[in-house]
Amino acid sequence: MSTHGTGYDPELYARRAASFGAVAAEYAAHRPDYPAEAVAWALAPAARERGAALHVLDLAAGTGKLSGGLVALGHRVTAVEPDPAMLDELRRQVPAATALGGSAESIPLPDASVDAVLVGQAIHWFDQDRALPEIARVLRPGGPLATLSNAEDDRVEWVAGLAAVSPTQVSYLGWETNPSRRIAPHPAFSAAVDEDFPHSMPRTIESLTATVATHSHILVMAPDERAAVLAGIGDYLRSRPETSAGAFGLPLVTRVQRCVRAGG
Ligand SMILES: C[S@@+](CC[C@H](N)C(=O)[O-])C[C@H]1O[C@@H](n2cnc3c(N)ncnc32)[C@H](O)[C@@H]1O
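Rules used throughout
Starting from 1, residues in each chain are numbered consecutively following that chain's sequence as written. For a predicted model such as this one, the threshold for reporting local features is a pLDDT of at least 70, and the threshold for listing and counting side-chain atom pairs is 80 or more; totals across whole chains, interfaces and linings nevertheless cover every residue. Note: side-chain values were computed over all heavy atoms of the structure, leaving out hydrogens and water. A run of H or I in DSSP becomes a helix once it reaches four residues, and a run of E becomes a strand once it reaches two; helices and strands are each numbered from the N terminus. Here the globule rule is a power law, 2.2 Å times the number of residues to the power 0.38, and the radius of gyration is based on C-alpha atoms. Three exposure classes are used, based on accessible area relative to the maximum for each residue type with a 1.4 Å probe and protein chains only: buried under 20%, partly exposed in between, and exposed over 50%. Residue contacts are counted whenever heavy atoms from the two residues lie within 4.5 Å of one another. All accessible areas in this document rest on Shrake-Rupley with a 1.4 Å probe, and a residue is counted as covered only by the protein chains that are shown. The pLDDT value expresses, per residue, how confident the predictor is, ranging between 0 and 100. Remark: nonpolar core denotes a set of buried residues (Ala, Val, Leu, Ile, Met, Phe, Trp, Tyr, Cys) joined through side-chain atoms within 4.5 Å. UniProt positions are given in the numbering used here, feature names are shortened, and annotations may be inferred rather than shown by experiment. Distances are taken per atom, and a residue is near a molecule or strand as soon as one of its heavy atoms is within 4 Å of it. Under this definition, polar contacts are N or O atom pairs within 3.5 Å; protein pairs additionally need one hydrogen-donor-capable and one acceptor-capable atom, and for neighbouring residues in sequence, both atoms have to be side-chain atoms. Each residue is assigned to one class: nonpolar for Ala, Val, Leu, Ile, Met, Phe, Trp, Tyr, Cys and Pro, charged for Asp, Glu, Lys and Arg, and polar for all the others, Gly among them. Note: two strands are recorded as paired if DSSP finds a minimum of 2 bridges between them. Between N-to-C directions, angles cover 0 to 180 degrees, with each direction set by a line fitted to C-alpha atoms, over the stretch in contact for helices.

Draft legend 1. Inspection of the overall build of the protein chain at higher detail. What the protein chain contains, in helices and strands, is ten helices and seven strands. Its C-alpha atoms give the protein chain a radius of gyration of 18 Å, within 12% of the compact-globule value 18 Å for 264 residues. Judged by the C-alpha coordinates and their principal axes, the protein chain covers about 55 × 35 × 35 Å. Counting the 264 residues in the protein chain, one finds 54% classified as buried. Residue pairs at least 24 apart in sequence account for 75% of intrachain contacts in the protein chain once pairs closer than 6 positions are excluded. About 11300 Å² of surface is accessible on the protein chain, with carbon and sulfur atoms providing 56% of the total.

Given below as structure tokens:
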């Protein structure tokens, strides 16, 4: 995979990519959802061509955060996910979706069988050299491939301060410097365009700490190191007027990146 910066450790990266199943229920409870407007924008090219009820592939579906939103909007959803524990949680959370084991590099669907492919918070785990041709194979010509990524809005001062104690933070301002979060140019797809959707997640000190505890960097840490990082986050949040007095909103931005399968 050519999309990582210096310091890329393939063994650690593979462990992080496979780390989520151990905390599947916590992931479902504490990771943010995606705004309905962001999902609608991601699907717009397919909705224009094929109407309001689409067959959508939620690729790297995890516990079904995107799948649930898609079902609620009236779409038929196939969810593909490599981790069996995440897939079990998805089946509990979103029974209406068809849940299949598989990966971005090996998708268990026929050619040209879906109207759109959505990827939530996972494009950085893919080997895009293998995944993009595989996505192009299952996606109908003219259909969108879109990635949705939630970043913490570090234009807000207390959120920027959190990065000092929470090294796993997904930074909004740092997004551009992380090429593994972008869809790589590929002849089967149009050039990708971006749109941002600000939103907010209701949190407390305890629940924001629980959110951070589901990040892959934290999941692969030794227990002592993990406990120290999480304790530091609690100390920081107790020290800030914005977060010390009870419930607060964690400012987020969903960045949607969208391209279209050529040949439509
Ligand atoms: C951060 S979670 C995102 C889950 C879900 N899409 C969401 O938005 O909440 C990343 C997911 O990608 C999955 N994953 C890792 N490598 C993958 C690959 N090569 N192909 C497909 N999924 C992969 C992990 O098992 C995990 O469920």
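Draft legend 2. Layout of the confidence of the model for the protein chain. Looking at the protein chain, pLDDT values average 92 and 97% of them are 70 or higher. Contacts from residues 1-6, a stretch scored under 50 in pLDDT, to residues over four places away or in other chains number eight contacts.

Draft legend 3. Up close: the nonpolar core. Leu 57, Leu 59, Val 117, Phe 126, Leu 145 and Phe 189 are the most contacted members of the largest nonpolar core, which has 32 residues in total. Elements that contribute at least two residues to this core include exactly helix H2 (24-30), strand S1 (55-59), strand S4 (116-120) and helix H6 (128-138). Leave out the neighbours within four places in its chain, and Phe 189 touches Leu 132, Ile 135, Ala 136, Leu 139, Leu 145, Cys 259, Val 260, Arg 261 and Ala 262. Ranked by size, the runner-up nonpolar core spans 25 residues in total, among them Leu 43, Ala 116, Leu 118 and Ala 146.

Draft legend 4. Spatial organisation of the UniProt feature "domain: Methyltransferase type" (unreviewed entry) in the protein chain. If you check UniProt for "domain: Methyltransferase type" (unreviewed entry), the listed places come out as residues 57-146 in our numbering. Structurally, residues 57-146 is divided into 32% helix and 23% strand, and its ends, taken at the C-alpha atoms, are 11 Å apart.

Draft legend 5. Structural view of the site of the ligand. Neighbouring the ligand are 21 residues, the closest being Tyr 27, Tyr 34, Ala 60, Glu 81 and Gly 120. Interatomic distance of 2.5 Å between a side-chain N/O atom of Tyr 34 and an oxygen atom of the ligand. A distance of 2.7 Å separates an oxygen atom of the ligand from a polar atom in the side chain of Glu 81. For the ligand, whose accessible area on its own is 590 Å², the fraction buried by protein is 95%. Looking at side-chain class alone, the shell around the ligand contains twelve nonpolar, four polar and five charged residues.

Draft legend 6. Representation of the sheet that holds strand S6 (residues 193-203). Here we have seven strands laid out as an open sheet, ordered S3-S2-S1-S4-S5-S7-S6, and mixed in their pairing. The sheet is open, and its two edges are formed by strand S3 (98-101) and S6, each paired on a single side. Direction aside, the axes of adjacent strands within the sheet are offset by 25 degrees on average. Note that S1 and S4 share four bridges and pair parallel. Counted as the bridge partner of Leu 57 is Val 117 from S4. Across the face of the sheet, helix H7 (residues 157-165) comes into contact with strand S5 (144-152) and strand S7 (248-260) while running at roughly 85 degrees to S7. Sitting on the sheet, helix H8 (residues 205-212) is in contact with S6 and S7, with an inclination near 135 degrees to S6.

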